[in-house]
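# Secondary and tertiary structure notes
Okay, here's what each chain looks like letter by letter:
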Amino acid sequence: MKIIHAADLHLGSKIEAKLKRISEERKMDVRNSFMRLADYAEKQDIRIILLSGDVFDSDRPFKKDKDTFYSVIKQHPNIDFLYLRGNHDTEESYVEDIPNLKTFSNTWETYTYDNVAISGIEISKENYSSFYGTLNLDPNMINIVMLHGQISDSIGLDKIKLSKLRDKNIDYLALGHIHSCSFGELDNRGRYAYSGCLEGRGFDESGPKGFIIFDSENKDKQTFVPFAKRIIREEDVDISSLTSIPEIVKKIKDTVHFHDHHEDIYRINLIGDVPAETEFSEKDIESNFPDVYFINVKNLTKPLIDPEKYKNDLSLKGEFVRTVYSKEDLTDDEKRKIVSLGLKALEGREVK
Amino acid sequence: MKLLKAYINAYGNIEEKEFDFSSGLNSICEDNGYGKSTLASFIRASFYGLEKKTKNYFERDRALPYSKKPCGGYLIFEFNGKEYKIQRSFSKKAQEDELHVFVNGIETNEFGPVPGETIFGLDLDSFNKTVFINPIDLSLSTNESLNAKMGHFVEDSKDSFDFEEAKEKLDKRKRELKPIKSQDSKGLIAEKKIEIDDLDNKNKNLKSLRLAMGEKYEKEEKLNIFIQEMNKKLTDASNHNAELEAWDRYDEYNNTIQHAKNEIDGIRNKYPNGIPSKEELANFELLLNQKDKKIFERNATNLSKHEEEEYSSLSSHFEDKTPNEEDLTKLKETYNKYLSLKNQGEISLDDSEKKLIEEYSDKTLDTEELKKRIKDYQDLDYDPDPGFVGSDYGYYYSSPTRIILYSLLGLVLGILLIIVIVLTVKFAIEYVYWIVGAAVVFACALPAFVAWRGRKKEKERHASIVMEHDKKKFATLEEINNMLAPFGKTLSQADNLDLESFQIINKYETYCKAKDKEAKILNDKKASIDSLNNIKNSLGSYFSSFAYIGEIEDIYYTFFSDLEKYSSLLKKKLENDNKRKSIDQEIENIDRSISSFRAKYNVGIDNKAFIQECRDDRKTIDVKEKDLGSTEEKLKNYISEKKLVTRPASNEKVNVLELTEELSKLNKDYQTAAKDIDDSEREISSLESEVEQLPLLNEEWKELKDEHSIVSKTITYLSEAETNLKNRYIKPVKDKFDYYSSILSETFGKKVVMDADFNIKIIEEGIERDYHHLSSGQLTLCVFCYRLAIMDNIFPKDKPLLILDDLFVNLDEKHLSLAKNLIDLLAKDRQIFYYTCHKSRDLE
């Protein structure tokens, strides 16, 4: 039996401000991701989808998001959706009774499918320390446990202490809360995994996003399925010693392989120490990639200032550099910025 | 630091030239093109390398010689008590330049890639602004800022730009970011803050809207619950109504079943002994049909009316007396005889016979005699001398065959003769050929001769025989013609005697037969009339005994026809009588079976009607029983389908319409609430999209503030640097300037001093005046003094060398003399390289 483990859909979520131009489209992508997931399960003949929390971005999700979610469930009556609420959608409730929607509460609930038992509990103020002790699983069953929270060494709200779940006959701990996929060993018998979210919503959610397929026939091997419509990619490009926009654009093109992923979303961090005379704006660089769906360039370079070079400079430049670098209350970054700006001014260049 | 020697392999226009330098002043006064500036450039390049290319000047181009000689050379100098040698070679590309530094003949790297920076403690730029002095650097027009020129070394190579401009740029940017005083523009930081505050307000509004959504969602949820409850009520009501309808239908089914059963029972009650089975009915119907058939058969045994009348009529002829077969045979024979006699009287001659009798009635012919004569004549029709060909002589010549035969015979005889001779005279060989030839000729000639001799006699004999024969033949023909004369016929030898005679004889014999026939007809006719009358009377008498009177021919056939009819009818009448008796017996048996059935089932008068009724009733029962079974099955299924177990407690139907109307109203309210939510969500969405930009704006705001901070600090530190620079050098530089300017006071003709801002001032009659009153030569010396003042401050102990490239080009003789004094003074504690192209400016 194959089971999909997904989480953190965050329907109705905001999109990072930097993605303003494609914000509405990305919101639609996030909303559609759940529909695509259900269709995928239908095509693959997968009968169970685990949703380990944060399906909605808030306790009061938009009606259209709720309508979308519950109508998708109703449109796929052959699939059981096991929906465990997370820290974002704690209060989410639905009045209509949908037979294939299985929910959880702040006490352990278990749904059994042949030899697979799927248990889950919503961590709350009332149970965050006690739920470990109330978990009892049949060792003869394949046990899947659904939880939403951050793996931690301590016990607390929205926290999961793995050591307290060891030797509980758990075969697979389906977690939600962290937006990137990760796996780990729980104990000799079981493994835990965060499926991550289905679509990245900002540059802090870069990398492949998708879900995990758990196969009860081969329970020790879980497969991550990249599923995001667009991957948010963040790459650093070192432009040290480059002085012109064409050079910088060429370096970006050489470093980032756009041709394979034109439809993705890119954050290009320009790094390195660039000569003080190098002048460019982030927008100038971005305009050189019309074929890429979305690109955001962030200038993280540092002006190339060598104080040693000015050691023997008796001019005002030398005096200025020495003066700035003699200030202990300035950070290195400030010193570089001040010197860069001062030199620009002394050289008669623009100081914006 | 002291330069000792320079060797130039090739550099600019100098090739393979060595220069030895002494302490103090090293003055070179040569014409233009000698290479004074080139030497100065070489010395500088030895310490710092060639200058980078600028917009107006490219030292490398000047340094590379026109000849193919390797560009470069070396420089030997003392530094810190050691003797160093800097050896350089220059190429078209800077990276191909080579630098080697030796100390006491051993290569060293202690000065790094730019030895000048270590040796002088100055970078190239500073070196150019201090140690390396040329008049271009020091020349000053009165329109330029002396102060700027004086502070040359604190500025970049762009002479037109200074600290003030840099500061102004930064101040401007600072004001753009955050104006100092209230102006029209609020400044970028403030504007961004306003934008943020605006979005903050929107965010607060958004939160309020969000908060308000709770109520809307609750309302929508409540309505949704109501709708679901109402839907449930409606479903329950529909189910209840449907259940009632189902039970109604159940009752309908039962009623239908009961009604059908009643109908079936009603029909069955008509038959106390049960309804006859299909087989019984079929059998009964068969009996009835059989009876009808037998009655029909019985009726068919009577003669028809016509037959009865015919039988009655014929009985009058044959009832008492019926002729037997023998009588009838005899009657037929008599009648045939009668007919034969009657028809016989009609025989007569035909027309050809009559015509022939008429033609030959007066002529006679002995046909046998005629035939005999004709035969005689024909017998004479032969060859009277057949031996004329092949006579008794045996030789004739008329036939070539015979000649050949005779010849062969002669040949054989000849050969035989030769053989005999040969055998006889076998030794007379030489004569044999002659003899044989003669014998052959003889044998051939002999028969020819014999034939020729017999021919003549044969012809004469033959003519005689033929003549005799022809006479006899003519006489016979004459006799024949005489017999045929009455018939007008004459034959010749040329006629076909057989044919002609046959025609005449045949015709005459036909005539004779016709004549005989005519006689016989007359006799037979008389005898048959008598016999015919007798038979006719006999037949008439016989028929009249059966009451048949009339012409014999008419009666005869009527008699036989009637007799046959009468016999047939009589036979039929007898057979029918027998058959009728048998049928009557069968009808009696059938009647017994019918009566038994009728008695059993109490059948009324009409058997057929009873059968039909029975069948109809049976059919009705079958149909109704089938319908009943079907209905009962339907009912069973219906009960199962509708799960009818117990009747609902209430038999009252619920008013679904009312519930539907209520649901419709709830749905309408829900739609309104949903639309309200949709509108609000759209508004929230729109606001959220804007508010989502808050972090970005805050980031931008922070960046602007950071920039403002950086700009402010830059201005502060740039100003501080400038002040530091000035403060560091101002007093010592001022003192040194005053010192050097005092040496040149006569040159200036007035007192020249420097203020705290490096501004040159002229003290004239106790009043500070602007330096613009000085000439260009005076100004050059002012700047030179300023450079010396700075150098003295940079190098308080070990004075570096001083390279003066035709520095005093603008000085007149008087001023030059004072300058020479100054140089002499300077040369005491430093090495000076002074180059000029004119004797008047030579300092030696």
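Refer to the preceding data block for the structure.
Throughout what follows, the structure given in this document is the object of discussion.

### Digging into the packing of aromatic side chains
The final tally for this structure, using the stated rule, is 60 aromatic pairs over all chains. Centroid distance Phe284 of chain B to Phe597 of chain B: 3.9 Å. Interplanar angle 20°. Geometry classified as stacked. Taken together, the residues Phe284 of chain B in helix α9 (residues 278–299) and Phe597 of chain B in helix α17 (residues 552–601) connect sequence positions 313 residues apart. With respect to class, Phe284 of chain B is no different from Phe597 of chain B; both count as buried. Each ring, one from Tyr335 of chain B and one from Tyr338 of chain B, has its centre 6.0 Å from the other, and the planes form 35°; the classification is tilted. Of this pair, Tyr335 of chain B and Tyr338 of chain B both sit in helix α11 (residues 325–344), separated by three residues, roughly a single helical turn. For Tyr335 of chain B, a relative accessible area of 2% translates into the label buried. The exposure class of Tyr338 of chain B is buried, given its relative accessible area of 2%. Sitting above the plane of the Phe203 of chain A ring, Arg267 of chain A keeps its charged end 4.2 Å from the centroid. Positioned over the ring face of Trp701 of chain B is Lys193 of chain B, at 5.2 Å from the centre of the ring.

### Comments concerning the side chain of Asn100 of chain A
All names here are of chain A. Tracing the backbone shows Asn100 in the loop between β3 (80–84) and β4 (101–103). Classification of Asn100 as buried rests on a relative accessible area of 5%. A polar contact of 2.8 Å, which involves the side chain of Asn100, links it to the backbone oxygen of His76. Looking at Asn100, its side chain comes within polar contact range of the main-chain oxygen of Ile79, at 2.9 Å.

### Quick word on the interface of chain A and chain B
Interface size is commonly expressed as the accessible area that is lost once the parts come together. Each partner contributes to the interface: chain A provides 46 residues, whereas chain B provides 54 residues. Across the interface of chain A and chain B, roughly 4400 Å² is buried in total on both sides, 57% from carbon and sulfur atoms. Our enumeration of links across chain A and chain B arrives at six salt bridges. The salt bridge involving Lys27 of chain A is made with Glu692 of chain B; its shortest N-O contact spans 3.1 Å. Here chain A and chain B share eleven residue pairs in polar contact (both at pLDDT 80 or more) between them. Among the elements of the structure, α1 (23–43), α2 (63–75), α5 (316–325) and α6 (332–346) of chain A are those that each provide at least two residues to the side of chain A that touches chain B. Considered class by class, the residues forming the side of chain A that touches chain B number 15 nonpolar, seven polar and 24 charged.

### With respect to the sheet that holds strand β11 (residues 182–185) of chain A
Residues and elements named next belong to chain A. Taking strand neighbours across the sheet as the criterion, the six strands line up as β5-β6-β7-β10-β12-β11 in an open arrangement whose pairing is mixed. Bordering the open sheet on either side are β5 (109–113) and β11, each of which pairs with just one other strand. Taken pair by pair, the neighbouring strands of this sheet meet at an average axis angle of 20°, ignoring direction. The pairing of strand β6 (residues 116–120) with strand β7 (residues 142–148) spans five bridges and is classified as parallel. Counted as the bridge partner of Ala117 is Asn143 from β7.

### What about the pairing of β6 of chain A?
Where burial is concerned, most of β6 of chain A is hidden: five out of the five residues are buried. Joining the antiparallel neighbours β5 of chain A and β6 of chain A is a turn of two residues, in which Asp114 of chain A adopts a positive phi near 55°.

### Concerning the sheet that holds strand β3 (residues 25–29) of chain B
Residues and elements named next belong to chain B. On the basis of which strands lie adjacent, the open sheet formed by four strands has the order β3-β13-β12-β8 and parallel pairing. Each edge of the open sheet carries a strand with a single partner, namely β3 and β8 (132–133). Along the sheet face, helix α23 (residues 813–827) touches β3, β12 (802–805) and β13 (832–836) and points at about 150° away from the line of β13.

### What about the nonpolar core?
By size, the foremost hydrophobic cluster in this structure holds 80 residues, and its most contacted members are Leu3, Phe47, Phe77, Phe784 and Phe808 of chain B. The element best represented in this core is helix α22 (residues 776–794) of chain B, accounting for eleven residues. Setting aside anything within four residues of it in sequence, one finds Phe77 of chain B in contact with Met1, Lys2, Leu3, Leu4, Phe47, Lys82, Glu83, Tyr84, Ile86, Phe111 and Ile119 of chain B. Tyr310 of chain A together with Leu704, Leu718 and Ala721 of chain B belong to the second-largest nonpolar core, a separate cluster that totals 41 residues.

### Focus on the pattern of salt bridges
For side chains bearing opposite charge, pairing can occur when the charged atoms are close. All names here are of chain A. All told, the structure shown has 87 salt bridges over all chains when counted by the stated rule. For Asp29, the salt bridge identified is with Arg230, shortest N-O distance 3.9 Å. Taken as a pair, Asp29 in helix α1 and Arg230 in the loop between β14 (222–226) and β15 (232–238) lie far apart in primary sequence, 201 residues in all. Each member of the pair Asp29 and Arg230 is classed as buried. Salt bridges here are not isolated pairs; linked through shared partners, they connect Glu25, Arg26, Asp29, Arg36, Glu199, Lys229, Arg230 and Glu263.

Rules used in this analysis
Residues numbered from 1 in each chain as written. Chains lettered and ligands numbered in written order. Predicted model: local features only at pLDDT ≥ 70, side-chain atom pairs only at ≥ 80, totals over all residues. Heavy atoms only, no water. Phe/Tyr/Trp six-rings, centres within 6.5 Å; stacked < 30°, edge-to-face > 60°. Helix = DSSP H or I, 4+ residues; strand = E, 2+ residues; numbered from the N terminus. Buried < 20%, exposed > 50% of the residue type's maximum accessible area, 1.4 Å probe, protein only. Lys NZ or Arg CZ within 6 Å of the ring centre and 35° of its normal. Polar contact = N/O pair within 3.5 Å; in protein donor to acceptor, adjacent residues only side chain to side chain. Contact = heavy atoms within 4.5 Å. Buried area = accessible area lost by both parts, 1.4 Å probe. Salt bridge = Lys/Arg side-chain N within 4 Å of Asp/Glu carboxyl O. Nonpolar A, V, L, I, M, F, W, Y, C, P; charged D, E, K, R; others polar. Pairing = 2+ DSSP bridges. Axes fitted to C-alpha atoms, helices over the stretch in contact; angles between N-to-C directions. Core = buried A, V, L, I, M, F, W, Y, C linked by side-chain atoms within 4.5 Å.

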